[in-house]
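# Descriptive analysis of the structure
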Amino acid sequence: MKIIGIAGSLRPGAYVRKLLEASARELPASVDFEIWDGLDQVPPFQEGPLPQRVDELCHILSGADGLLVAAPAHSVLPPQLGHALAWAASSRGGAVLVGKPAAVLTACLHAHEATWTQTELRRALGAAGAVVYGADLVVSSALSQFDSEGRLVDPEFRDRLCTVLEGLCKPSLTKYTV
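Just so it is clear, the structure is predicted and the values come from calculations on it, not from any experiment.

## Structural notes on the packing of helix α2 (residues 52-62) against helix α3 (residues 79-89)
Closest axis-to-axis distance for the α2/α3 pair is 10 Å, and the angle between their directions is 65°. The crossing of α2 and α3 is right-handed. Facing α2, whose interface residues are V54, L57, C58 and L61, α3 presents A84, W87 and A88. Here the residues of the contact of α2 with α3 sort into seven nonpolar, no polar and no charged.

## Here's the deal with the confidence of the model for the protein chain
Averaged over all residues, the pLDDT of the protein chain is 84; the fraction at 70 or higher stands at 87%. The low-confidence segment residues 173-178 (pLDDT under 50) makes 16 contacts with residues lying over four places distant or belonging to another chain.

## As for the packing of helix α1 (residues 15-26) against helix α5 (residues 155-169)
Running from N to C, α1 and α5 cross one another at 75°; their axes reach a closest spacing of 10 Å. Considering their axes alone, α1 and α5 lie roughly perpendicular with respect to each other. Where α1 approaches α5, its residues A22, S23 and E26 are matched on the opposing element by R158, L161, C162 and L165. Grouping the amino acids of the contact of α1 with α5 by side-chain chemistry returns four nonpolar, one polar and two charged.

## A few points about the pattern of salt bridges
One pass over the full model with this rule turns up eight salt bridges. One salt bridge in this structure joins R17 and D37, with 2.3 Å as the shortest N-O distance. Of this pair, R17 sits in helix α1 while D37 sits in the loop between β2 (32-36) and α2, placing them 20 residues apart in sequence. For R151, the salt bridge goes to E26, with nearest N and O atoms at 3.1 Å. With R151 in the loop between β6 (137-139) and α5 and E26 in helix α1, the pair connects residues that are 125 residues apart, well separated along the chain. Note on R151: relative accessible area 28%, which makes it partly exposed. For E26, a relative accessible area of 18% gives the class buried. Several salt bridges share partner residues, and in doing so they unite K2, D32 and E34 into one network.

## Notes on the pairing of strand β4 (residues 101-107)
Among the seven residues of β4, seven are classified as buried, and the element is accordingly described as predominantly covered. By the alternation rule, side chains of β4 split into P101, A103, L105 and A107 and A102, V104 and T106, which are all buried. Strand direction decides the pairing type here: strand β3 (residues 66-72) and β4, joined by six bridges, are parallel. Looking at β4, one finds that A71 is bridged to T106. Direction of pairing for β4 relative to strand β5 (residues 131-132): parallel, over a ladder of two bridges. Note on β5: the bridge partner recorded for A102 is V132.

## With respect to the environment of A128
Secondary-structure assignment places A128 in the loop between α4 (115-127) and β5. Taking relative accessible area as the criterion, A128 reaches 2% and is therefore assigned buried. Not counting residues within four places of it along the chain, the set of residues in contact with A128 comprises L85, A89, L97 and V98.

Rules of the game
Residues numbered from 1 in each chain as written. Predicted model: local features only at pLDDT ≥ 70, side-chain atom pairs only at ≥ 80, totals over all residues. Heavy atoms only, no water. Axes fitted to C-alpha atoms, helices over the stretch in contact; angles between N-to-C directions. Helix = DSSP H or I, 4+ residues; strand = E, 2+ residues; numbered from the N terminus. Left-handed = near helix turned anticlockwise from the far one by under 90°. Contact = heavy atoms within 4.5 Å. Nonpolar A, V, L, I, M, F, W, Y, C, P; charged D, E, K, R; others polar. pLDDT = per-residue confidence, 0-100. Parallel < 35°, antiparallel > 145°, perpendicular 65-115°, else oblique. Salt bridge = Lys/Arg side-chain N within 4 Å of Asp/Glu carboxyl O. Buried < 20%, exposed > 50% of the residue type's maximum accessible area, 1.4 Å probe, protein only. Pairing = 2+ DSSP bridges.

Written out as structure tokens, the structure reads:
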């Protein structure tokens, strides 16, 4: 099984990137996990040929068995993440998310901050044809959640992350209606 991770922040050292890296440590050994780092080069959806990074993203997603998106808490999706999902949803991009299992993670200081981000991500992923599985994870108090090796320090958060990852890796177990 191959899972692609996308960090919805362009900031170096962003907590959402750390959350994806922590996720990689919790996945079963049989899962191939790759974080795609081209988000900063994804332009808005437009007519014409697919830009190189968009073509790369669509190719990678078409070969994946699932998608793990980690996004910062905002009232709207980060623009580049919205652009990437729009391209992946389009027929020109191959509609590569149709039927694809997806899970959403957010890292923020307070749980309520993630509500809009998760809602917008579920909407965008659903519009792209993805199936959002499992309970989404909000890692609150993000500043103190990672140890020096990048693992989640709180056993409760780690257990919740593992539940989300299990749902993504075995999508028939838990299904959301988007």
